There are 2 protein chains.
Amino acid sequence: MSIKKTETPVSFHMSTEDFRKQGHAMIDWIADYWKGVESMPVLSQSKPGDLRKSLPPAPPEQGESFDEMMRDVEQHILPGITHWQSPNFFAFFPCNASGPSVLGELLSAGFGVQGMIWATSPACTELETHVLDWVAEMLGLPEQFKSSGKGGGVIQDSASSASLTALLASRERSSKFSGNTQGCDNNLTVYTSSQAHSSIEKAVRISGIGSDNLKLIDVDENFAMDIEDLTRNVEADIQTGKRPCFVAATIGTTSSNAMDSLSEIGELCRKHDIWLHIDGAMSGTAAVCPEFRHLLDGVELADSFCFNPHKWMFTNFDCDCFFVADRGVLIRTLSILPEYLRNQATESGAVIDYRDWQIPLGRRFRALKLWFVIRHYGVQGLQHHIRKHVELAQQFAAWIEADDQFELMAPAPLNLVCFRHKGGDKFNQVLLDALNQSGKLYLTHTKLHDKFTLRMSIGQTNTEFRHVEQAWQRIRKTAGMIKNRK
Amino acid sequence: MSIKKTETPVSFHMSTEDFRKQGHAMIDWIADYWKGVESMPVLSQSKPGDLRKSLPPAPPEQGESFDEMMRDVEQHILPGITHWQSPNFFAFFPCNASGPSVLGELLSAGFGVQGMIWATSPACTELETHVLDWVAEMLGLPEQFKSSGKGGGVIQDSASSASLTALLASRERSSKFSGNTQGCDNNLTVYTSSQAHSSIEKAVRISGIGSDNLKLIDVDENFAMDIEDLTRNVEADIQTGKRPCFVAATIGTTSSNAMDSLSEIGELCRKHDIWLHIDGAMSGTAAVCPEFRHLLDGVELADSFCFNPHKWMFTNFDCDCFFVADRGVLIRTLSILPEYLRNQATESGAVIDYRDWQIPLGRRFRALKLWFVIRHYGVQGLQHHIRKHVELAQQFAAWIEADDQFELMAPAPLNLVCFRHKGGDKFNQVLLDALNQSGKLYLTHTKLHDKFTLRMSIGQTNTEFRHVEQAWQRIRKTAGMIKNRK
């Protein structure tokens, strides 16, 4: 790259007028995209390398027009998008964005503030604390998870990071806040079910506790943690001089939406002074509806709880709500105060500095989008749409049950239905591939009881009855065609 | 919260028409904000609790209008904002957003895809790999940091997370990929200078290596790592059976913008098989200009390097570019493949799954905004603005040097000037507070040679000569007033 000292214009920045023009166009582009996404192939049909082939190998020396960039978005980026915002997206878990949320994200980018400490933008910290108190109220969480008590909430990027943060806090508490200065205590042990999310194992590895010290507890026939096996493991470990420090329970496992029994796990944790963390990444949202709140029975025994509005509460990624019952433990675990961050507000102790509640130092103003979502929908609006998703899933499950070619593979307590065709593993893999290649819908799979199982996850913002009905018709029809082909 | 099963309307979602209307209004709001931000008090004059007092204690049962929400933004949020986008923001480090970047963020939110694995949106992964190769080219990084070689780049949320990720990879490499399954090896040792960012110590604590195993190396008179002290420490540790695994060198320390000698550190690291990570969070951007690229001499000896376009390259937070020389090490460190994420593309080995390059599983489509920025400005446009910031800082430093009331406290190689009034610590604290309370500019402080020092950090997108000149006039005038008051 050679530089010529040519005559430079005053500025290469986008002018205010251009920002308005291109900004309006971008808003319209997104509105059109959302309107048309239903008819696009849900799963990208792109092959490895397709996009990279279409891009120039070197960055441009001179600036290009925004119109050129948007042309490339349409021609080259769009075919490589798997449309998470399509109402026909039934894969993995939902990532259900919404208008107010996206506008909140936009405003946050416009402010461009760093919320690492209170002083760097008081509103960024205070709105987050306040909205997380609202969320605690909305979910019926006990008082200790609110900022008015000893605890409080914080927005993390993901449930993975929330689990890691909780694990680190438990590690320090179990080490009596020695700081593990000479390296992690190798006697600490951690427990989660064999159906828990892979992020728990990742956290155990990251923390230096070591994967041998993670005990994967058996599950019962509904894929929920087997309390007897947990109790056996904890007690055996104590007897051999290990120090159980952390149990991660799940409300809605990724694989099959299984619900661990929080009350029973919580009692055991209290008895042995073990940190109980609850991962309710997708399903925690259900507690916004009182009729589903029983799934959180026992949460009052937990030390921490997290769920992701960026999955099923109409808030675009990233927005994980992480609540702790004792914020002091978290702060003692992660606080470092270098000179260049010292300030009067911090020293006064009257404010929250969220940098001490998370792994990174820097943070965006993510509370804005969550605030916008809650205010736009109101609690009743959120309840309406969550209920509707659950109803759709229950309808789908009823169709499966009524069809003698298909079977349910796990209970469907909320919005995820695990099922399979009775034709065997190979048949279901062929069925899944055919469905996804059709572009009309996108499903993913798991293994339950060692059998290849399809997952129908219902929660995209705009998914209506007709999308679920069409999906079911297509599944039946495609299965029929595969069967006839044989 | 009580629920009434009232007649529910079909949908509480924001209509397409409303999204267009409110979206256009939001774009205009941001354009107006940017235009007017120069005249707002830079540092928020808000007191702890001010915002929370103005917000209702409970979430709304019913949805509210977007207009109401924006009214609250203006009345209650705005006074609690410290304006990082003001051209009079000279505190901490810049966070210089730009039009194309904010529109990229908006588009990313509109797509709302999860980029955890290639298959969940191929374009999200491929654009990131491609743009990071561009960035490597723009900075003159050696071939090993590109995806065409053994390494490659990835976007992390922050330099904190990049450093932690690098440390974890070094921990596994030094443990011969045993996985530290029985807990972290307590003999590992880590080195960084006493001037390095606090995130290094935080990473050491998180990783379970333990803060006693972090050696804070002395610095020379320019606050750069003292190679002799580093050598002494490494060799002494080896002799006592410790296993040095990681050195974090800094290009542009947070406190004073000191530059560690990468070549000398790199040679020592090669000799003892130690992972060399380079944290160039703000100053790495300077390497876009060939005349500053010498600061990275020795980077070819490093195992990893990171810098933040979200600081000084016109890309809104979060966007840290993290490069590794051997991606295999990273993947072996962080990879976990549960059944529900299995897919043909991953099994084929032909694609990158970025979830294995970072702590969390989920990830946004952050490459879009970086792509937009590079294409909008072109390499020459970026160079122009980076050079201008450096020129402004050099001018400011010259004014300080020419004034017998003030003194420079450290070399100013780029865009940060560390200085103080000769009136002593107390005087400078009073000066800083008076300046920040004026609302006309915002500076922060550090301690150098144990003296209270002011930091003038120049890099906001719209900072021009007149802002720096006005700041200097105000600093002189305010200092004069304080002196006369005595």
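Residues numbered from 1 in each chain as written. Chains lettered and ligands numbered in written order. Predicted model: local features only at pLDDT ≥ 70, side-chain atom pairs only at ≥ 80, totals over all residues. Heavy atoms only, no water.

Visitor: Explain the packing of helix 6 (residues 159–174) of chain A against helix 11 (residues 327–334) of chain A to me, please; I cannot follow it from the model alone.
Guide: Axis angle and axis distance: for two packed helices, these are the angle between their axes and the distance between the axes, and together they describe the pair. Residue and element names in this part refer to chain A. As a packed pair, helix 6 and helix 11 sit with axes 9 Å apart at the nearest point and diverge in direction by 90°. One finds that helix 6 runs roughly perpendicular with respect to helix 11. Contacts from Thr-165, Leu-168, Ala-169, Glu-172 and Arg-173 of helix 6 reach helix 11 at Val-329, Leu-330, Thr-333 and Leu-334. In the contact of helix 6 with helix 11, the residues fall into five nonpolar, two polar and two charged. (Axes fitted to C-alpha atoms, helices over the stretch in contact; angles between N-to-C directions. Helix = DSSP H or I, 4+ residues; strand = E, 2+ residues; numbered from the N terminus. Parallel < 35°, antiparallel > 145°, perpendicular 65-115°, else oblique. Contact = heavy atoms within 4.5 Å. Nonpolar A, V, L, I, M, F, W, Y, C, P; charged D, E, K, R; others polar.)

Visitor: In this structure, what is going on with the relation of the copies chain B and chain A? I would like to understand it.
Guide: The two chain copies are related to each other by a rotation about an axis together with a translation along it. Take chain B, turn it by 180°, move it 0.0 Å along the axis, and it overlays chain A with an RMSD of 0.0 Å. Put plainly, the chains are arranged around a two-fold axis. (Least-squares fit on C-alpha atoms with pLDDT ≥ 70 in both.)

Visitor: Which parts of the structure should I look at to understand the interface of chain B and chain A?
Guide: One frequent convention defines the size of an interface as the accessible area lost when the parts assemble. Counting from both sides, the interface comprises 170 residues of chain B and, opposite them, 170 residues of chain A. Taken over both partners, the interface formed by chain B and chain A buries close to 15,000 Å², and the fraction arising from carbon and sulfur atoms is 62%. Here chain B is connected to chain A by eleven salt bridges. A salt bridge links B:Arg375 to A:Asp72, with the nearest nitrogen and oxygen atoms 2.8 Å apart. At the boundary of chain B and chain A, one finds 85 residue pairs in polar contact (both at pLDDT 80 or more). Sort the elements by how many residues they give to the side of chain B that touches chain A and helix 1 (residues 16–36) of chain B lands first, with 17 residues. Here the side of chain B that touches chain A is built from residues that sort into 77 nonpolar, 58 polar and 35 charged. (Buried area = accessible area lost by both parts, 1.4 Å probe. Salt bridge = Lys/Arg side-chain N within 4 Å of Asp/Glu carboxyl O. Polar contact = N/O pair within 3.5 Å; in protein donor to acceptor, adjacent residues only side chain to side chain.)

Visitor: Would you explain the sheet that holds strand 10 (residues 444–448) of chain A in this entry?
Guide: Whether parallel or antiparallel, the strands of a sheet pair through hydrogen bonds between backbone atoms. All names here are of chain A. With respect to topology, four strands assemble into an open sheet ordered 8-9-11-10, the strand pairing being antiparallel. Here the strands that pair on one side only, and so sit at the sheet edges, are strand 8 (406–408) and strand 10. Pairwise comparison of adjacent strand axes, ignoring direction, gives a mean angle of 40° for this sheet. Here strand 8 pairs with strand 9 (residues 416–421) via three bridges, running antiparallel. (Pairing = 2+ DSSP bridges.)

Visitor: Could you clarify how one ought to interpret the environment of A:Phe322 in this entry?
Guide: Counting through the fold element by element, A:Phe322 comes out in strand 7 (residues 320–324). When the C-alpha positions of A:Phe322 and A:Cys184 are compared, they lie 24 Å apart, and in sequence the two are 138 residues distant.

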